[in-house]
Amino acid sequence: DTLTCLISPIPDSVSRIVLVTRKEHDEGLLNDLRTALKNRKCEVVHRVSENFHDRFWIADRARGLFVGTSPNGLGKRYALADYMVEDDVRTIIEALSVEGLLPSNFGPA
């Protein structure tokens with residue numbers, strides 16, 4: 001139910017979501033996300049890295065949201081969510097690009 005609430009506001013124009021997780025991740029949650037977005041023709045790309053801890057939701061390489069809990073933790077405890085400044089978004093995009101974690105045709109440059 002929490003996953004459905006998270007993805008329902010995602011516009012139909014979103015064609016790809018890139019998730020970067022640690023090697024140890026919730027495979028069930030990842031599969032649920034893929035299933036939930038399949039009807040919307042939204043590709044879910046999964047990449048693995050140990051270099052990111054926080055949750056950054058970034059759109060169009062320009063807008064970002066910092067979310068302090070994982071999707072399976074939402075609604076269980078108090079957690080912070082806040083907008084990111086553009087410089088921080090650019091820094092995260094650069095770090096993801098350096099590690100080769102973004103598809104080559106990921107969003108506007």
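Attention here is on the structure that accompanies the text. What you see is a predicted model, and the numbers here were worked out from it, not measured in a lab.

Counting through the fold element by element, T21 comes out in strand β1 (residues 16–21). Taking the relative accessible area as the measure of exposure, T21 reaches 21% and is therefore partly exposed. Taking C-alpha positions, T21 is 8.5 Å from H53, a pair spaced 32 residues apart along the chain. When neighbours within four sequence positions are excluded, T21 is seen to be in contact with H46, R47, V48 and S49. Reaching out from T21, the side chain makes a polar contact with the side chain of H46 at a distance of 2.6 Å.

It is worth spelling out the packing of aromatic side chains at this point. Using the criterion set out here, one finds 1 aromatic pair in the structure. Between F56 and F66, the aromatic rings sit 6.2 Å apart at their centres with planes inclined by 50°, giving tilted as the arrangement. A residue pair is termed long-range when its members are at least 10 positions apart, and F56 in strand β3 (residues 55–59) and F66 in strand β4 (residues 63–67) qualify at 10 residues.

So, about the pairing of β4. Relative to β4, β3 runs antiparallel, the two being bridged by 5 bridges. In the sheet register, R55 faces β4, and the bridge partner there is V67.

Turning our attention to the environment of L19. As for its position among the elements, L19 is in strand β1. Contacts of L19, omitting those with residues within four sequence positions, involve L30, L33, V44, V45, H46 and R47.

A turn of α-helix holds 3.6 residues, and therefore any two residues three or four places apart point the same way. End to end, helix α2 (residues 27–38) covers 16 Å across 12 residues, agreeing with the expected 16 Å (1.5 Å per residue, within 8%). Among the residues of α2, those classed as buried are L30, L33 and L37. Take α2 and look down its axis: the buried residues cluster within an arc of 60°, on one side only. In α2, the exposed positions angled more than 90 degrees off the buried face are occupied by T35 and K38. Two or three places before G28, at the start of α2, stands the capping residue D26, its side-chain oxygen 3.1 Å from that residue's backbone nitrogen.

Procedures and definitions
- Residues numbered from 1 in each chain as written.
- Predicted model: local features only at pLDDT ≥ 70, side-chain atom pairs only at ≥ 80, totals over all residues.
- Heavy atoms only, no water.
- Helix = DSSP H or I, 4+ residues; strand = E, 2+ residues; numbered from the N terminus.
- Buried < 20%, exposed > 50% of the residue type's maximum accessible area, 1.4 Å probe, protein only.
- Contact = heavy atoms within 4.5 Å.
- Polar contact = N/O pair within 3.5 Å; in protein donor to acceptor, adjacent residues only side chain to side chain.
- Phe/Tyr/Trp six-rings, centres within 6.5 Å; stacked < 30°, edge-to-face > 60°.
- Pairing = 2+ DSSP bridges.
- Expected span 1.5 Å × (residues − 1).
- Arc of directions from axis to C-beta.

Function cannot be read off these values alone, since they describe shape.
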